[in-house]
Amino acid sequence: MPAPSHLDHFDLDIGLRDASCDENLPPVRRAIAALCIGGGVDDAYLSVRELREAVSLVHENAPGGRAKLAGILSTQCDDFQRAIYYCLAGRGVVEMAEAMDWLLTILKARGRTAAWLSRLRVRRKDLVSPYVSEAPDGPVVSASPDFELGQSWFVERGPGPY
């Protein structure tokens, strides 16, 4: 069954583009959506999920939680997770977790759409990586699991408008 012509060269990033420009969303959510544009379908989802799990482990004071988060933030080969983390850092762990859960919902839908298009043999627009080099070229965080948590991890906030 041929796909409708409006699906020719489907843009998988359309949801992320829309979210990144939606004035009704908090700026931090628009920013993390924008960071995912052009990222690999599976890679973006799995990277954010891994980061979300590490943040939960630290929040729950689980054994090895800080080591896992420190390992993610200090990896030499990828700065995507650092970008997401530092975009959210300082806003409180609950807001950080909720924002990543929101993003994971979008990325999961993006992945399901990619699979559906593949089964239909519909051509997609190529994802254009936002990176100009293969490796991060800035300073990297320490890999020590003994890092100190900032005050934002412990601040109690009332319910937000989102």
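Everything numeric here is computed off the predicted structure, so don't read it as measured data.

Trainee: Kindly report on the packing of helix α3 (residues 41–59) against helix α5 (residues 80–88), identifying the contributing residues and their values.
Mentor: Interaxial distance between α3 and α5 falls to 10 Å at its minimum, and their mutual angle equals 50 degrees. Overall, the two elements α3 and α5 adopt an arrangement that is oblique. When the axes of α3 and α5 are compared, the crossing they make is right-handed. On α5, the residues that touch Ala-44, Ser-47, Val-48, Glu-50, Leu-51 and Val-55 of α3 are Phe-80, Gln-81, Ile-84 and Tyr-85. Taken together, the residues of the contact of α3 with α5 break down into seven nonpolar, two polar and one charged.

Trainee: Before we move on, can you summarise the nonpolar core with the specific residues and values?
Mentor: Core analysis: the biggest nonpolar cluster contains 31 residues, and Ile-32, Leu-69, Ile-84, Leu-88, Met-100, Leu-103 and Leu-107 have the highest contact counts within it. Elements with a minimum of two residues in this core: α1 (14–21), α2 (27–36), α3, α4 (65–73), α5 and α6 (93–119). Considering each element in turn, this core owes the most residues, eight residues, to α6. Contacts of Leu-107, omitting those with residues within four sequence positions, involve Leu-16, Cys-36, Ala-44, Tyr-45 and Val-48. Among the nonpolar cores identified, the runner-up in size contains five residues, and Val-41, Ala-114, Leu-117 and Val-122 belong to it.

Criteria and cut-off values
- Residues numbered from 1 in each chain as written.
- Predicted model: local features only at pLDDT ≥ 70, side-chain atom pairs only at ≥ 80, totals over all residues.
- Heavy atoms only, no water.
- Axes fitted to C-alpha atoms, helices over the stretch in contact; angles between N-to-C directions.
- Helix = DSSP H or I, 4+ residues; strand = E, 2+ residues; numbered from the N terminus.
- Parallel < 35°, antiparallel > 145°, perpendicular 65-115°, else oblique.
- Left-handed = near helix turned anticlockwise from the far one by under 90°.
- Contact = heavy atoms within 4.5 Å.
- Nonpolar A, V, L, I, M, F, W, Y, C, P; charged D, E, K, R; others polar.
- Core = buried A, V, L, I, M, F, W, Y, C linked by side-chain atoms within 4.5 Å.
- Buried < 20%, exposed > 50% of the residue type's maximum accessible area, 1.4 Å probe, protein only.

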